[in-house]
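In case you want the letters, here they are:
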Amino acid sequence: MSIYKRAQQWTTFTRVWHLFDAKWQNPFESAKIIQKYLAGLHKPIYGPSDTGDHVVVINSKEIALPGDEWQKRVYFHHTGFAGGASWTFAWELHEKDPTLVLKKAIYNSMKGNLYRHTKMERLHIYPDANVPQEILENVTNQIRRPRLIPKRLDEYSEEEVEKFPKLIDYPEDYVIQKIK
Amino acid sequence: MVFRTFPLFVRNRGPDELWRKRRILKLSAHFHGRSRNCYSIAVRAVHRALVYATKARALKKEDMRALWDARLTAACEEHKFSYSLMRESLSRCNILLNRKVLTDLAIWEPRSFKSLVKLAWSRASQDGLNGVKELGEEPSGVITRGMIK
């Protein structure tokens, strides 16, 4: 094999590290996308031999569950001992460990076969943007987020506000009433 | 009990026993334990193995088809297109490439596959198939000269 072909094969089969920003994303929608990357189903060379990639998820404490799921969704746990059953609300679990809601969403979106634990080991979730340097060095791709994040009014710079096209302007003596 | 006639003592089934048994033991050479060496155990294991091999011929075709479908879905997603739309559009353009060939193209000839995706996208938007508009603007640069009908 020529040097070029060797390099091409190595780059094709190498395990890629992807980044996913979970800020204001639905964890269940994100789970469907992330588990595809963990399985290797995003590659045309997917196969039964391990083709999965690593995924680094940041800002998992800022995920957004739909509707009233924060109050209504419960997570069941049994310690194995008698009387050890417990039901925890999503908001309670998120307070205790802000990575668990997303981690469980991804775990439960996978099939319950022997590949699951290997794939979960390649998932790295962080509650905020503080990721260890050794892991950030490996990341080479960012996964597109399923939901668009709107820009708050105070996030626009003064230049953009001035440049934005104006149809009308309030007269100088107009009093804007504050709604209580 | 006393055998009155001497021929009844004879338990020789014929001169071909060695070759009959060798035919079975040759197939069980890679089995575990006594199944590879002892005829009476090997013959049962060999018969099961042959039955599994027969049944698996249809299963292999199913497995390969599922693998090709997964690979082609991934390849279409790389170009931000949908696999189901791609299949429908290609058949409407009378491009009767099967899953095997499309997968080989997607892996070994990615630019050819990209041009097929572009062609399928143009045909899908021309015919107004369900779900094309949600994918966004169709790619430019598809020269059909009115031939995709």
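Everything quoted here is computed from the prediction, not taken from an experiment. (Residues numbered from 1 in each chain as written. Chains lettered and ligands numbered in written order. Predicted model: local features only at pLDDT ≥ 70, side-chain atom pairs only at ≥ 80, totals over all residues. Heavy atoms only, no water.)

Quick look at the nonpolar core
All names here are of chain A.
Thinking step 1. With 22 residues, the main nonpolar core has Phe20, Ile34, Leu38, Val55, Val57, Ile106 and Leu123 as its most contacted residues.
Thinking step 2. The set of elements that each furnish at least two residues to this core consists of α2 (27–39), β2 (54–58), α4 (90–96), α5 (100–109) and β5 (123–125).
Thinking step 3. If sequence neighbours within four positions are ignored, Ile34 has contacts with Phe20, Val55, Val57, Ile106 and Leu123. (Core = buried A, V, L, I, M, F, W, Y, C linked by side-chain atoms within 4.5 Å. Buried < 20%, exposed > 50% of the residue type's maximum accessible area, 1.4 Å probe, protein only. Helix = DSSP H or I, 4+ residues; strand = E, 2+ residues; numbered from the N terminus. Contact = heavy atoms within 4.5 Å.)

Re the sheet that holds strand β6 (residues 139–142) of chain A
Residue and element names in this part refer to chain A.
Thinking step 1. Strand order in the open sheet made by the four strands is β5-β2-β1-β6, with parallel pairing throughout. The open sheet terminates on both sides in strands that have one partner only, identified here as β5 and β6. Mean inter-strand twist for the sheet, computed between neighbouring axes without regard to direction, equals 30 degrees.
Thinking step 2. Where strand β1 (residues 17–21) and β6 come together, three bridges link them in parallel fashion. Within the sheet, the bridge partner assigned to Leu19 lies in β6 and is Gln142. (Pairing = 2+ DSSP bridges. Axes fitted to C-alpha atoms, helices over the stretch in contact; angles between N-to-C directions.)

A look at the pairing of β2(A)
Note on strand geometry: in a regular strand, side chains alternate between the two faces of the sheet.
All names here are of chain A.
Thinking step 1. A large share of β2 lies buried, amounting to five of its five residues.
Thinking step 2. Where burial is concerned, the two faces of β2 agree: the one with His54, Val56 and Ile58 and the one with Val55 and Val57 are both buried.
Thinking step 3. When β1 meets β2, the two strands line up parallel, connected through five bridges. Paired with His18 across the bridge in β2 is Val55.
Thinking step 4. Taken together, β1, α2 and β2 form a β-α-β motif whose crossover is right-handed. (Right-handed = clockwise from strand over helix to strand, strands pointing away.)

What to know about the packing of α2(A) against α5(A)
Residues and elements named next belong to chain A.
Thinking step 1. Orientation of α2 relative to α5, taken along the N-to-C sense of each, is 60 degrees, at an axis distance of 8 Å. One finds that α2 runs oblique with respect to α5. In the crossing of α2 with α5, the sense of the turn from one axis to the other is right-handed. Seen from α2, the contacting residues are Pro27, Phe28, Ala31, Ile34, Gln35 and Leu38; seen from α5, they are Leu102, Ala105, Ile106 and Ser109.
Thinking step 2. Its residues assigned to classes, the contact of α2 with α5 shows eight nonpolar, two polar and no charged. (Parallel < 35°, antiparallel > 145°, perpendicular 65-115°, else oblique. Left-handed = near helix turned anticlockwise from the far one by under 90°. Nonpolar A, V, L, I, M, F, W, Y, C, P; charged D, E, K, R; others polar.)

Some words on a nonpolar patch on the surface
Residue and element names in this part refer to chain A.
Thinking step 1. Taken together, Val74, Phe76, Trp87, Phe89 and Trp91 make up a surface patch of nonpolar side chains, about 520 Å² in accessible area.
Thinking step 2. Relative to the elements of secondary structure, Trp87 occurs in strand β4 (residues 85–89).
Thinking step 3. On the basis of relative accessibility, which here comes to 58%, the residue Trp87 falls in the exposed class. (Patch = residues over 30% accessible without salt bridge, like charges linked within 9 Å, V, L, I, M, F, W, Y side chains within 5 Å. Areas by Shrake-Rupley, 256 points an atom, 1.4 Å probe, with all protein chains shown as cover. Salt bridge = Lys/Arg side-chain N within 4 Å of Asp/Glu carboxyl O.)

Some details on the interface of chain A and chain B
Thinking step 1. Listed by partner, the interface residues are eight residues for chain A and seven residues for chain B.
Thinking step 2. Where chain A packs against chain B, one counts zero salt bridges.
Thinking step 3. Summed over the shared surface of chain A and chain B, the number is one residue pair in polar contact (both at pLDDT 80 or more).
Thinking step 4. Residues of the side of chain A that touches chain B, tallied by class, amount to five nonpolar, two polar and one charged. (Polar contact = N/O pair within 3.5 Å; in protein donor to acceptor, adjacent residues only side chain to side chain.)

Topic: the domain arrangement of chain B
Many structure descriptions define interface size as the accessible area lost when the parts assemble.
Thinking step 1. Taken as a whole, chain B is organised into domain 1 (14–57) and domain 2 (79–149).
Thinking step 2. A separation of 51 Å is found between the C-alpha centroids of domain 1 of chain B and domain 2 of chain B. (Domains from an automatic or database assignment.)

Notes on the packing of aromatic side chains
All names here are of chain A.
Thinking step 1. According to the stated counting rule, one finds four aromatic pairs over all chains in the structure shown.
Thinking step 2. Summarising the aromatic geometry, the rings of Phe76 and Trp87 are spaced 4.7 Å apart at their centres and angled 50 degrees between planes, so their arrangement reads as tilted. Remark: Trp87 occurs in strand β4 and Phe76 occurs in strand β3 (residues 74–78); sequence separation between them is 11 residues.
Thinking step 3. On the basis of an interplanar angle of 10 degrees and a centroid distance of 6.4 Å, the ring pair of Phe89 and Trp91 is categorised as stacked.
Thinking step 4. Residue placement shows Lys23 over the ring face of Trp24; its charged tip is 4.9 Å from the ring centre.
Thinking step 5. Sitting over the ring of Tyr107, Arg116 keeps its end group 4.0 Å from the ring centre. (Phe/Tyr/Trp six-rings, centres within 6.5 Å; stacked < 30°, edge-to-face > 60°. Lys NZ or Arg CZ within 6 Å of the ring centre and 35° of its normal.)

Considering a positive patch on the surface
Thinking step 1. On the surface, Arg11(B), Arg13(B), Arg20(B) and Arg23(B) cluster together into a patch of positive charge.
Thinking step 2. Relative to the helices and strands, Arg13(B) is located in the segment before α1 (17–27). (Lys, Arg positive; Asp, Glu negative; His and termini not counted. Charge placed at Lys NZ, Arg CZ, Asp CG, Glu CD.)

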